[in-house]
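Tertiary structure, described
So you can see what is in the structure, the chains are spelled out below.
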Amino acid sequence: MIEKIKSHIAAVEAFSSTNAEEIENFRIKYLGSKGLLKEFFAAFKEVPVEQKKEFGKTVNALKNTAESKVNSLKEALESQEEAKGVYGDLSRPGEPISLGSRHPISIVKNKITDIFARIGFNVSEGPEIEDDWHNFTALNLPEYHPARDMQDTFFVEKDPDVLLRTHTSSVQVRYMENNEPPIRTISPGRVFRNEAISARSHCFFHQIEGLYVDKGVSFADLKQTLQYFTTEMFGKSKIRLRPSYFPFTEPSAEIDVYWGLETETDYKITKGTGWLEIGGCGMVDPNVLENCKIDSNEYSGFAFGVGIDRIAMLLHQIPDIRMLSENDVRFLEQFKSSF
């Protein structure tokens, strides 16, 4: 009998499995209410007195070995299941990579850039942290000029000479300083104004400004360029230029495009007039050309600027400008474009 128990001890020590059902059957076989250990303990009374001590010791050894084996196999199985829960089934195919979408600001900026690239305009960029000269003074806005109040400025560390640019016209100044006419460039970028944030305005937004400087440039060239832009961008060919004032252009005008009054939305965005303002423009002031070391007697030019955010809201019917900067994936996933 003792030799039989020892053979079971050897079998228990040799047993191994990663199957939960096999481990449970093994436990029942030895440790269950009707298992082998129950039978061996029941047979204890029939063992001769001189063998009882060795018999009992051997049975206890079988019990301890079986319990230890079951516990170790269950712990190994649980560890395996936990790792599988963390990493998943490593044999399964990987998750498909979802394609992203362009931001509406990028969509509109790229489309405008493409439109002007067809007529020879390149793209110029500049720093968002500017100095007073490039942002104001060179653009015919000397110190204490009242027009500076038109743009609530963010100054950096209370230094009146270092600020966040209020328009991308500063990029045009830098471009004229480093390039000789003929100049034909557009300057997209983010600008900053110290304004209250609401559904219609923000403390930062995006502009794209255009500049053309050459011999004999006239206001007729400006109007024809804007006519081309509005037709390509909106599919609207009817525009008007209303007299306005900008310190760096003379004469200056606001750009309106006839949007129409076909839907209720058209009435809302045009305030019932059918006309929609999209930006400003004008002939470059001779003082600006001279500040950039360009002879205003030999060269003339025009400049214009439109708000990218406003156009994006218009084209995609976005009701709140704040949605453009909140980075809500649910909002951004709505925009798919090849631009």
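Here the structure is a predicted model, which is why all the values come from computation and not from measurement.

Observations concerning the overall build of the protein chain
Counting its secondary structure elements, the protein chain contains 12 helices and 10 strands. A compact globule built from 339 residues would reach a C-alpha radius of gyration of about 20 Å, whereas the protein chain, at 40 Å, exceeds it by more than 25%. Its C-alpha atoms give the protein chain principal-axis dimensions of about 130 × 50 × 35 Å. Within the span of the protein chain, comprising 339 residues, buried residues form 42% of the whole. If you take every contact in the protein chain between residues at least 6 apart in sequence, the share linking residues at least 24 apart comes to 67%. When the accessible surface of the protein chain is summed, it comes to about 19500 Å², and 50% of that surface belongs to carbon and sulfur atoms.

Brief notes about the environment of Ser-98
Inspection of the secondary structure puts Ser-98 in the loop between α4 (49–87) and α5 (104–117). The exposure class of Ser-98 is exposed, given its relative accessible area of 66%. Sequence separation between Ser-98 and Pro-182 is 84 residues; the distance between their C-alpha atoms is 45 Å.

Thoughts on the packing of α5 against helix α8 (residues 219–234)
For the pair α5 and α8, interaxial distance at closest approach is 10 Å and the crossing angle is 135 degrees. Comparing the axis directions of α5 and α8 gives the class oblique. Note on packing geometry: the crossing formed by α5 with α8 is right-handed. Across the interface between the two elements, Val-108, Lys-111, Ile-112, Ile-115 and Phe-116 of α5 pack against Thr-225, Tyr-228, Phe-229, Glu-232 and Met-233 of α8. Split by residue class, the contact of α5 with α8 holds 7 nonpolar, 1 polar and 2 charged.

Considering the sheet that holds strand β2 (residues 129–131)
Pairing is antiparallel across the open sheet formed by 3 strands, whose spatial order is β2-β4-β3. The open sheet has two edge strands, β2 and β3 (155–156), and neither has a second partner. Alignment of β3 against strand β4 (residues 159–164), held across 2 bridges, turns out to be antiparallel. Across the sheet, Val-156 pairs through a bridge with Asp-159, a residue of β4.

Observations regarding the pattern of salt bridges
This model, assessed by the stated rule, comprises 12 salt bridges. A salt bridge links Asp-320 to Arg-322; its shortest N-O distance comes to 2.8 Å. Accessibility expressed as a relative area gives 16% for Asp-320, which makes it buried. Assessed through its relative accessible area of 31%, Arg-322 is described here as partly exposed. Asp-328 is the salt-bridge partner of Arg-330, the closest N and O atoms lying 2.8 Å from each other. Counted as one network, the salt bridges with shared partners bring together Arg-240, Arg-242, Asp-256 and Glu-277.

Quick notes on the packing of α8 against helix α11 (residues 308–316)
For the pair α8 and α11, interaxial distance at closest approach is 12 Å and the crossing angle is 40 degrees. Between α8 and α11, the interaxial angle falls into the category oblique. Contacts between α8 and α11 involve Phe-229, Met-233 and Phe-234 from the former and Ile-311, Leu-314 and Leu-315 from the latter. Its residues assigned to classes, the contact of α8 with α11 shows 6 nonpolar, no polar and no charged.

Considerations on a positive patch on the surface
Among the surface-exposed residues, Arg-200, Lys-268, Lys-271 and Arg-310 lie close enough to one another that they form a single positively charged patch. Checked against the element boundaries, Lys-271 lands in the loop between α9 (264–269) and β9 (275–284).

Some details on the packing of aromatic side chains
Counting across every chain of the model gives 12 aromatic pairs. With a centroid separation of 5.4 Å and an interplanar angle of 70 degrees, the aromatic rings of Phe-116 and Phe-121 are classed as edge-to-face. Among the residues examined, Phe-121 registers a relative accessible area of 6% and is labelled buried. Aromatic pair Phe-121 and Phe-304: ring centres 6.4 Å apart, planes at 65 degrees, arrangement edge-to-face.

Quick word on the sheet that holds strand β6 (residues 204–214)
Strand order in the open sheet made by the 7 strands is β1-β5-β6-β10-β9-β8-β7, with mixed pairing throughout. The sheet terminates laterally at β1 (122–123) and β7 (239–246), the two strands that pair on one side only. Two elements, strand β8 (residues 249–258) and β9, share 8 bridges in a ladder whose sense is antiparallel. The residue bridging Val-257 from the neighbouring strand is Leu-276, located in β9. Lying over the sheet, helix α7 (residues 169–178) contacts β1, β5 (183–192), β6 and β10 (300–307), oriented at roughly 35 degrees with respect to β6.

Conventions and cut-offs
Residues numbered from 1 in each chain as written. Predicted model: local features only at pLDDT ≥ 70, side-chain atom pairs only at ≥ 80, totals over all residues. Heavy atoms only, no water. Helix = DSSP H or I, 4+ residues; strand = E, 2+ residues; numbered from the N terminus. Rg over C-alpha atoms; globule rule 2.2 N^0.38 Å. Buried < 20%, exposed > 50% of the residue type's maximum accessible area, 1.4 Å probe, protein only. Contact = heavy atoms within 4.5 Å. Areas by Shrake-Rupley, 256 points an atom, 1.4 Å probe, with all protein chains shown as cover. Axes fitted to C-alpha atoms, helices over the stretch in contact; angles between N-to-C directions. Parallel < 35°, antiparallel > 145°, perpendicular 65-115°, else oblique. Left-handed = near helix turned anticlockwise from the far one by under 90°. Nonpolar A, V, L, I, M, F, W, Y, C, P; charged D, E, K, R; others polar. Pairing = 2+ DSSP bridges. Salt bridge = Lys/Arg side-chain N within 4 Å of Asp/Glu carboxyl O. Patch = residues over 30% accessible without salt bridge, like charges linked within 9 Å, V, L, I, M, F, W, Y side chains within 5 Å. Lys, Arg positive; Asp, Glu negative; His and termini not counted. Charge placed at Lys NZ, Arg CZ, Asp CG, Glu CD. Phe/Tyr/Trp six-rings, centres within 6.5 Å; stacked < 30°, edge-to-face > 60°.

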